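What follows is the residue order along each chain.
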Amino acid sequence: MSTTAVKPRAGDPEITPALIKEHGITPTEYERVVAMLGRDPTFTEIGIVSALWSEHCSYKHSRPLLRTLPTEAPWVLQGPGENAGVIAVKDGIAVAFKVESHNHPSAVEPYQGAATGVGGILRDVFTMGARPIALLNSLRFGPLTSSRVRYLFAGVVKGIGDYGNCVGVPTVGGEVVFDPSYEGNPLVNAMCVGVLREEELIRAVAEGVGNPIIAVGARTGRDGIHGASFASEDPSEATEAKRPRVQVGDPFTEKLLLEASLELIRSGHIVAIQDMGAAGLTSSSAEMAARGDVGVTIDTTKVPVRETGMTPYEILLSESQERMLVVAHKGREEQVREILARWDLEAAVIGEVIAEPVYRVTEGDTVVAEFPGTRLVTDCPVYTIDAVESTALAAARGRDPHAVTPLEEEADPIWTLERLLSSPTIASKAWVWRQYDSMVRTSTIVGPGSDAAVVRLRGTDAGVALSIDGNGRYVALDPRMGGRIAVCEAARNVACSGARPRAITNNLNFGNPTRPEVYFQLSNAVAGMGEACRVLETPVTGGNVSLYNENPQGAIHPTPTIGMVGVLDTLDHVTPSAFRAAGDTIVLFGDNTDELGASEYLLRVHELTIGAPPACDPAGERRLIDALLDAIAAGHVRSAHDCSDGGLAVTLAECAMMRRDEPLGFQVDLTDWADLPVRALLFGEAQGRIVTTTSSPDALLEIAAKHGVPAKVIGRVVRADEGIEFVIGAVSARSAIDPLARAFHDTIPAIMDGGTAADPAAMVSASFPD
Amino acid sequence: MKVGIIRFPGSNCDEDAYHAVVDHLGAEAVYCWHKDHDLQGADLVILPGGFSYGDYLRPGAIARFSPIMQEVVAHAQRGAPVLAICNGFQIACEAGLLPGALLRNAHLRFVCEQVHLRVESIATRFTSRYHVGQVIRIPVAHGDGRYTADGDTLERLEGEGHVVFRYVDAGGHVTHEANPNASMRNIAGIVNGAGNVLGMMPHPERAVDTLIGSADGLPLLHSLADSLLAEVGA
Amino acid sequence: MTRFRVAIHIVPRRGLLDPQGKAVSDALHSLGFAAVGDVRVGRHLVLDTDAESAEAARASVQRMCEQLLANPVTEDFHIAAVESA
Amino acid sequence: MTRFRVAIHIVPRRGLLDPQGKAVSDALHSLGFAAVGDVRVGRHLVLDTDAESAEAARASVQRMCEQLLANPVTEDFHIAAVESA
Ligand SMILES: Nc1ncnc2c1ncn2[C@@H]1O[C@H](COP(=O)(O)OP(=O)(O)O)[C@@H](O)[C@H]1O
Ligand SMILES: [Mg+2]
């Protein structure tokens, strides 16, 4: 094949082994490039390859694993491979959704890192033609005792809030976990859900020779150059020197871009649209071309820039935010420009779709990069690593939690309960979500603080239930079981709100995959997720992979986060988690077991991450969900809350005082399980359990029996002034509500704003920028 | 009755206002684009919430120069009603339609939650369907809601009954804890001297249906409809 | 025409609560800067503008401040420097 | 010990996007100030502190900026004036 002459560009650095290494390209990968080109690459080409073959863009260590996940169901309209997945809901209405990580940028600059993470995921959703209707986020930090962690936590929360609030998309849910394993490497995963009519779905596939390629939105600056390869490196080594790479978000421009993009898509003037996310112009143009199997040419001198003297390399790799790449129908350039001008945005034709099968970049008339066909995307390397389990983690799993001597104070289970309720991981996150506008768009039926958020879909009587979940501790101690639990817990949350779980998006946050013990975690966790998804019929419609999450102590807990979308055919079925009224009967679905391993109890009370996580049987979870949804549909369930971190005692306490203004009490009798160790019964995290309340217990038990799900009446809801009470045979424990409510509600505010103890760093990030 | 909802770049409660008016009040609503000079014959103008111009510089500072604001000011000067909610309140203050200013919440954080308001005056066209001292639940969602004015202005507002809503606790008491942003004298909403421009930080358009948490904002819209109907009748 | 660079300070009016200033002062104390007293936080704008002379640039920026940049109800402004850029 | 008043300017680092500055510049244009070019919006802090000398005050404020007042990743700071208060 003949290629145009591509010569080194005057002023560009010379290609040396050091430069190649600096770009994260291995010697074998370099040979692959030379073979593909039939010559040595130019500096610009090195930049392009380094971005597109980075883990972030190429999934070179995860693709074979991801292929094992189920992706199909009759309601799936768009599976993995696009900017977001899409499922049909009802009456021609569909939802698009996706999760994305911004872990490394947030470690360096928590406010901007988190804010631009939200910006990116919003764009992934609205480029599908969907209007964003909800945001969620999943966060992991080290312990709040560190001032750096408080700084990161405050900054991330403010960044997420400021961005979503300004764009006008409600943040309706999320989770925050504090664990020493995330010290120095926080996780910031953001999820967005959008709504569209099925016929409005648009894909990012470049088509039509002669069609113009248009850059839209913000101008290109020198920010974030090499963000994609940055996200694919171990931050503990590289971060300090790379600070200038942070990007600044502009949610105001994003809001304009959102409105303009939806208008463009509805106008029929365009063929495809994609956000310029990681690796900017390069990845968006190469990916759109590859999906359409067409050639493209791009002239970097036509790209609107913010700074003078930018080189093609910089323009191609810039990660300036709030930009989109559009392929328009030929001859409609003016109409496209007009729509953008209405929103005070710029549009510039920067290239076109061509017949010749090449990916070509020019600087004026000079070709500065050229790759044959779409091989840049399709020929990227794929690695499979020999998986070996870490002996340390296997040993930790093998330790017997019963051998852990209880503290003296634990003689009173109420002491332990209070200790757990004041664990920042369990305590109320109202301090966080009060900073998020959770109500804009007036469709939030259930906002933050419940098992799953419920958002109505205007134009139908249906709603979606949304939850994001993951437990790194379980995955660390048993990746396969942990992978299953992550999916099942997300499904249970969604079901508790009255919705049928329908599909997931996921974010795989792991360590360096070239290490066999990390690859072991990755491959087994994905296997576990797949098992659960198949049984629950919740296919994977997309997601994101964030590897190289390490700190000087080693890899983080392997943390797959699962964004689950469920559907409520009617809003009559919306079910709260909190108890409703004194006198209601409490029915436990599922069974209590002697499983204390990997629990929050062991971490919080004994500072131990040991033992096997609880067993998770997806088939049993499926029956549990079916039974619960039947009972809800029959109108027998007044509240439902699943058991997770902290076990049964914490779940009951949360049901009682989650609504701080209107708390209730409870009296439960667990004598049927009196042969279990008390701490396993109260604080073990056995899976497959849901605490429900009802005024028709017999009907509920009957439905459970029909599905083969164990269920028992365990007590009743009482007035708040009657407090809480557990009876287990001869043992009983009682408490007033107030001390427990204070532990639950006041812990995080006390740490974050507590008078003079307020952390200066946290304060500064909380008050700036304005 | 026709309601004109102004759309600034960055408005994001415009659709919520639209749904409140059309779906819950049953009136007609149109959007008015900030670059136009046309209120399309609206009887009532709503300046909606959001982040016009990203709240850059100061909330409302840039939006008040939008072309449409000349028409809004003229509409207000004719004595026709303007409902300015949240960012709309900030814009109205910047434009001089209402006295005072809305500054950064004292705790320096954005706050979104249901709050309790006490209705201080029902002698306005916005509040005739409430009763004096009534405690209602309406959400707030803002980062800059601390109402601030000089002493004379405050005295005048109080003296002339132009403080319409105050932040209170569930029992109707004015307390420090009930004030989500440290606004002066717990002020949540005021009217201008002529009584036809209401500015408030809480969002009545988000309180139109118990399904989304509260319907306590609906009487405000009904009061406005009553007053407009009375004008036509007169 | 010459290009001038103008620096402007916009500060909350004395007597008004300045929660940012207070937060900064508290934070400095807890970091051990015990000698710090009052702190006020305002805005610092730097803008480039073409004008016939430094005086003309200053006059034009004065109008910008009055019309847009400062809120007359709560803020004071000060044109700190006018330099040819 | 003398009380000093120190003025500090904190500005977004050149090269980083300054959306606020851009919005202000656009707004000034539409108000008719056509001669305005680039605008950067930063913070202006005025703080009082006790110190033995102006040099000591400056050194201490320098540390405050490094530790707390300026974001080392996105901002540059400048101690503009140290005066006895
Ligand atoms: N963990 C995952 N499971 C399933 N699909 C995934 C996963 N991670 C990424 N994908 C899919 O791979 C495709 C490309 O990745 P993507 O994250 O879109 O790149 P970008 O960062 O540019 O958005 C997407 O369709 C995404 O849904
Ligand atoms: Mg994408």
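A.B. asks: Whenever I open this one, the overall build of chain C confuses me. Can you help?
C.D. replies: For chain C, the helix and strand inventory stands at two helices and three strands. In chain C, the succession of helices and strands from N to C terminus is β-α-β-α-β. Relative to its length of 85 residues, chain C is extended, with a C-alpha radius of gyration of 16 Å against a globular reference of 12 Å. Its C-alpha atoms put chain C at 50 × 25 × 15 Å along the principal axes.

A.B. asks: Got a minute to help me understand the overall build of chain A in this structure?
C.D. replies: Broken down by element type, chain A carries 28 helices and 28 strands. Taking 27 Å as the expected radius of gyration for a compact globule of 770 residues, we find that chain A reaches 26 Å, a close match to that expectation. Seen along its three principal axes, the alpha-carbon backbone of chain A occupies a region of about 85 × 55 × 50 Å. Buried positions account for 68% of the 770 residues belonging to chain A. Across chain A, contacts joining residues at least 24 apart in sequence account for 85% of those joining residues at least 6 apart. Element-wise, carbon and sulfur atoms account for 51% of the exposed surface of chain A, whose accessible area totals about 24200 Å². Distance between charge centres in chain A, computed from 66 positive and 99 negative side chains, equals 2 Å.

A.B. asks: It is not clear to me how the relation of the copies chain C and chain D should be interpreted in this structure. Could you clarify?
C.D. replies: Look at the two chain copies: a rotation about an axis and a shift along it is all it takes to match them. The two copies are related by a screw motion: chain C maps onto chain D through a turn of 180° and a shift of 0.1 Å along the axis, at an RMSD of 0.2 Å. In the structure described here, the two chain copies are related by an operation that fits a two-fold rotation axis. Both copies contact each other with a shared surface, as 100% of the interface residues of chain C are interface residues in chain D too.

A.B. asks: Teacher, can you tell me more about the pattern of salt bridges here?
C.D. replies: Any two side chains of opposite charge can pair, so long as their charged atoms come close to each other. Inspection of the entire model under this criterion finds 77 salt bridges over all chains. Taking the shortest distance from any N to any O, the salt bridge between A:R458 and B:D23 comes out at 3.9 Å. Here B:D23 lies in helix α1 (residues 14-25) and A:R458 lies in the loop between β15 (453-456) and β16 (463-469), a pairing that spans two chains. Residue C:E75 pairs with B:R58 through a salt bridge whose shortest N-O separation is 3.7 Å. Of this pair, C:E75 sits in strand β3 (residues 75-84) while B:R58 sits in the loop between β3 (44-47) and α2 (67-77), on two different chains. For the pair C:E75 and B:R58, a shared accessibility class is recorded, and that class is buried. Residues joined in a network through salt bridges with shared partners are B:R118, B:E120, B:E155, B:E158, B:R166 and B:R185.

A.B. asks: Whenever I open this one, the environment of A:E600 confuses me. Can you help?
C.D. replies: All names here are of chain A. Secondary-structure assignment places E600 in helix α22 (residues 600-606). Separated by 45 residues in the primary sequence, E600 and D645 have C-alpha atoms spaced 5.9 Å apart. Look past the residues within four positions of E600 in its chain and what remains in contact with it is L420, S423, T425, I426, R473, V605, D645, G646 and E685. One polar contact links E600 to S423, side chain to side chain, over a distance of 2.7 Å.

A.B. asks: What am I meant to see in the interface of chain C and chain D here?
C.D. replies: It is common to give the size of an interface as the accessible area lost on bringing the parts into contact. Taken together, the contact pairs 32 residues of chain C with 33 residues of chain D. A buried area of about 2600 Å², summed over both sides, lies between chain C and chain D, and 64% of it is on carbon and sulfur atoms. Among the residues chain C hides against chain D, the three largest losses belong to C:F33, C:A35 and C:H44. Together they make up 21% of the total. At the boundary of chain C and chain D, one finds zero salt bridges. Summed over the shared surface of chain C and chain D, the number is 13 residue pairs in polar contact (both at pLDDT 80 or more). Residue assignment for the side of chain C that touches chain D shows that the elements contributing at least two residues are β1 (2-12), α1 (19-30), β2 (36-51) and α2 (54-69) of chain C. Here β2(C) runs beside strand β2 (residues 36-51) of chain D; their pairing, made up of 11 bridges, is antiparallel. Paired with C:R43 across the bridge in β2(D) is D:R43.

A.B. asks: Would you take a moment to explain the site of ligand 1 for this structure?
C.D. replies: Residue and element names in this part refer to chain A. Of all residues adjacent to ligand 1, which total 16 residues, the nearest are Y59, G81, E82, N506 and G543. In the environment of ligand 1, a nitrogen atom lies 2.6 Å from a nitrogen or oxygen atom belonging to the side chain of N506. Coverage of ligand 1 by the protein amounts to 89% of the 540 Å² it exposes when considered alone. Take the shell around ligand 1: its biggest share by element is five residues, from strand β18 (residues 540-546).

A.B. asks: Please explain the environment of B:Q40 as it appears in this structure.
C.D. replies: Residue and element names in this part refer to chain B. Relative to the helices and strands, Q40 resides in the loop between β2 (28-33) and β3. Note on Q40: relative accessible area 31%, which makes it partly exposed. Residues Q40 and T175 lie 135 residues apart in sequence; the distance between their C-alpha atoms is 43 Å. Excluding anything up to four places from it in sequence, Q40 contacts K2, V30, Y31 and C32.

A.B. asks: Can you walk me through the sheet that holds strand β1 (residues 76-78) of chain A in this structure?
C.D. replies: Pairing between sheet strands relies on hydrogen bonds along the backbone, with the strands arranged either parallel or antiparallel. Residues and elements named next belong to chain A. Reading across the sheet, the six strands line up as β1-β2-β3-β6-β4-β5 and stay open at both edges, with mixed pairing between neighbours. Strands at the two margins of the open sheet, each flanked by one partner only, are β1 and β5 (171-178). Within this sheet the neighbouring strands show an average axis-to-axis angle of 25°, counted without direction. Sheet analysis places strand β4 (residues 131-141) next to β5, joined by seven bridges and oriented parallel. Residue pairing for β5: N137 is matched across the bridge by G174.

A.B. asks: What should I look at first to understand the packing of helix α20 (residues 479-496) of chain A against helix α23 (residues 618-633) of chain A in this one?
C.D. replies: Geometry of a packed helix pair, given as the angle between the helix axes and the separation of the axes. All names here are of chain A. The geometry of α20 relative to α23 is characterised by a closest axis approach of 10 Å and an angle of 5° between their N-to-C directions. For the element pair α20 / α23, the angle class is roughly parallel. Residues R484, C488, A491, R492, A495 and C496 of α20 touch α23, and the partners they reach there are P618, E621, L624, I625, L628, L629 and I632. Tallied by class, the residues present in the contact of α20 with α23 amount to 10 nonpolar, no polar and three charged.

What counts as what
Residues numbered from 1 in each chain as written. Chains lettered and ligands numbered in written order. Predicted model: local features only at pLDDT ≥ 70, side-chain atom pairs only at ≥ 80, totals over all residues. Heavy atoms only, no water. Helix = DSSP H or I, 4+ residues; strand = E, 2+ residues; numbered from the N terminus. Rg over C-alpha atoms; globule rule 2.2 N^0.38 Å. Buried < 20%, exposed > 50% of the residue type's maximum accessible area, 1.4 Å probe, protein only. Contact = heavy atoms within 4.5 Å. Areas by Shrake-Rupley, 256 points an atom, 1.4 Å probe, with all protein chains shown as cover. Lys, Arg positive; Asp, Glu negative; His and termini not counted. Charge placed at Lys NZ, Arg CZ, Asp CG, Glu CD. Least-squares fit on C-alpha atoms with pLDDT ≥ 70 in both. Salt bridge = Lys/Arg side-chain N within 4 Å of Asp/Glu carboxyl O. Polar contact = N/O pair within 3.5 Å; in protein donor to acceptor, adjacent residues only side chain to side chain. Buried area = accessible area lost by both parts, 1.4 Å probe. Pairing = 2+ DSSP bridges. Near = heavy atom within 4 Å. Axes fitted to C-alpha atoms, helices over the stretch in contact; angles between N-to-C directions. Parallel < 35°, antiparallel > 145°, perpendicular 65-115°, else oblique. Nonpolar A, V, L, I, M, F, W, Y, C, P; charged D, E, K, R; others polar.

These figures capture arrangement, not role.
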